[in-house]
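Listed here are the chains, written in short residue letters.
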Amino acid sequence: MGYGGYLLKIGDYKVPQKFMKAESYKAYVNMQDVDDYTDANGYLHRNAVELKVAKIEFETPEMLSDTEFRELMSNIQKGYLIPKARQCEITAYIPEYGDYVTQTAYLADLEPQIYWTKANTLIQYKPIRFAFIGGVYSD
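Residues numbered from 1 in each chain as written. Predicted model: local features only at pLDDT ≥ 70, side-chain atom pairs only at ≥ 80, totals over all residues. Heavy atoms only, no water.

**Notes on the pattern of salt bridges**
For side chains of opposite charge, pairing can occur when their charged atoms come near one another. Per the counting criterion, the structure on display carries five salt bridges. One salt bridge connects K18 with E71, and the closest N-O pair in it is separated by 3.6 Å. Linking K18 in the loop between β2 (13–14) and β3 (26–30) with E71 in helix α1 (residues 66–78), this pair joins segments that are 53 residues apart in sequence. Accessibility expressed as a relative area gives 33% for E71, which makes it partly exposed. Note that E57 is salt-bridged to R129, the shortest N-O span being 3.1 Å. Separated by 72 residues along the polypeptide, E57 in strand β6 (residues 53–59) and R129 in strand β12 (residues 129–134) bring together distant segments of the chain. A relative accessible area of 10% means that E57 is categorised as buried. Where salt bridges share partners, they join K55, E57 and R129 into one cluster. (Salt bridge = Lys/Arg side-chain N within 4 Å of Asp/Glu carboxyl O. Helix = DSSP H or I, 4+ residues; strand = E, 2+ residues; numbered from the N terminus. Buried < 20%, exposed > 50% of the residue type's maximum accessible area, 1.4 Å probe, protein only.)

Set out below in structure tokens:
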């Protein structure tokens, strides 16, 4: 399929690039093994499993206002399958594959840091790191 005009989709929401700081998008898949062992001759015997866990990270640029942060968060939250777990379905462009991977994932803890406020009318945030970790089991 190749690149389809977006980097990350959460549910039906394609995250606009205006919310991604340049050079901050990282998307990759982690190999997973089960019951690996090293034999008496020192050779590693790997039992790679089929599922490769996706991890998607990006930072926002400095937000101009809380309104922009709320826009991004509310659209992400609409995609939650299990809100208390921040669990969602993501579709992410993986450069290694030159294609997209879709997995059930969760949004890791956020740490928004306020850069400054102005007269009760404006909040501006420092860049916020978002990380989605895939491979979550879903019935």
